[in-house]
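Structural features, examined
Letter by letter, the chains look like this.
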Amino acid sequence: MSPRRNRPKGAGSSGRSAEDDRPGRYGGWQSTEDWHGEAWSVRHVAGASAQGKAYRCPGCEQMIPDGVPHVVAWPEHSGVDDRRHWHRACWNAKDRRTTRVQRSRNAPKF
């Protein structure tokens, strides 16, 4: 019996480069949406592909745990550093959200 291979046959490199950012890599699909007058690239990440790191959602300021399906969005004209990870519900509700107003404990909520 031969030993099991851990690498695919014919693999020339030992890892993936930063340029390897194709749409199907994370198990989701990618589209372009218009928001605030500019085009945004939106990638839907499947839960099984979201392994290894937790992110903070800019919509609700809560953590997106490891392995939870979410959305990665960035302006099309920007680079990799401007990508933000959103909960799907937060991304869908981004136009209905208001600015986060800090209130004191006794302030009215209307």
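Residues numbered from 1 in each chain as written. Predicted model: local features only at pLDDT ≥ 70, side-chain atom pairs only at ≥ 80, totals over all residues. Heavy atoms only, no water.

Time to look at the overall build of the protein. Along the backbone of the protein there are 1 helix and 6 strands. When the elements of the protein are put in sequence order from the N terminus, they spell out β-β-β-β-β-β-α. Among the 110 residues that make up the protein, the fraction classed as buried is 25%. If you take every contact in the protein between residues at least 6 apart in sequence, the share linking residues at least 24 apart comes to 42%. With the model as given, the accessible surface of the protein reaches about 8600 Å², and the carbon-plus-sulfur share is 48%. (Helix = DSSP H or I, 4+ residues; strand = E, 2+ residues; numbered from the N terminus. Buried < 20%, exposed > 50% of the residue type's maximum accessible area, 1.4 Å probe, protein only. Contact = heavy atoms within 4.5 Å. Areas by Shrake-Rupley, 256 points an atom, 1.4 Å probe, with all protein chains shown as cover.)

Turning next to the side chain of Lys 94. Take Lys 94: it is sitting in the segment after helix H1 (88–92). Within the local environment of Lys 94, its side chain forms a polar contact with the backbone oxygen of Trp 91, the two atoms lying 3.1 Å apart. In this view, Lys 94 contacts Glu 33, Trp 35 and Trp 86; residues no more than four positions away in its chain are not counted. (Polar contact = N/O pair within 3.5 Å; in protein donor to acceptor, adjacent residues only side chain to side chain.)

As a further point, take the pattern of salt bridges. For the structure shown, the criterion picks out 1 salt bridge. Salt-bridge contacts for Glu 33 lead to Lys 94; the nearest nitrogen and oxygen are separated by 3.7 Å. With Glu 33 in strand E1 (residues 30–35) and Lys 94 in the segment after H1, the pair connects residues that are 61 residues apart, well separated along the chain. (Salt bridge = Lys/Arg side-chain N within 4 Å of Asp/Glu carboxyl O.)

Shape is all these values report; function is a separate question.
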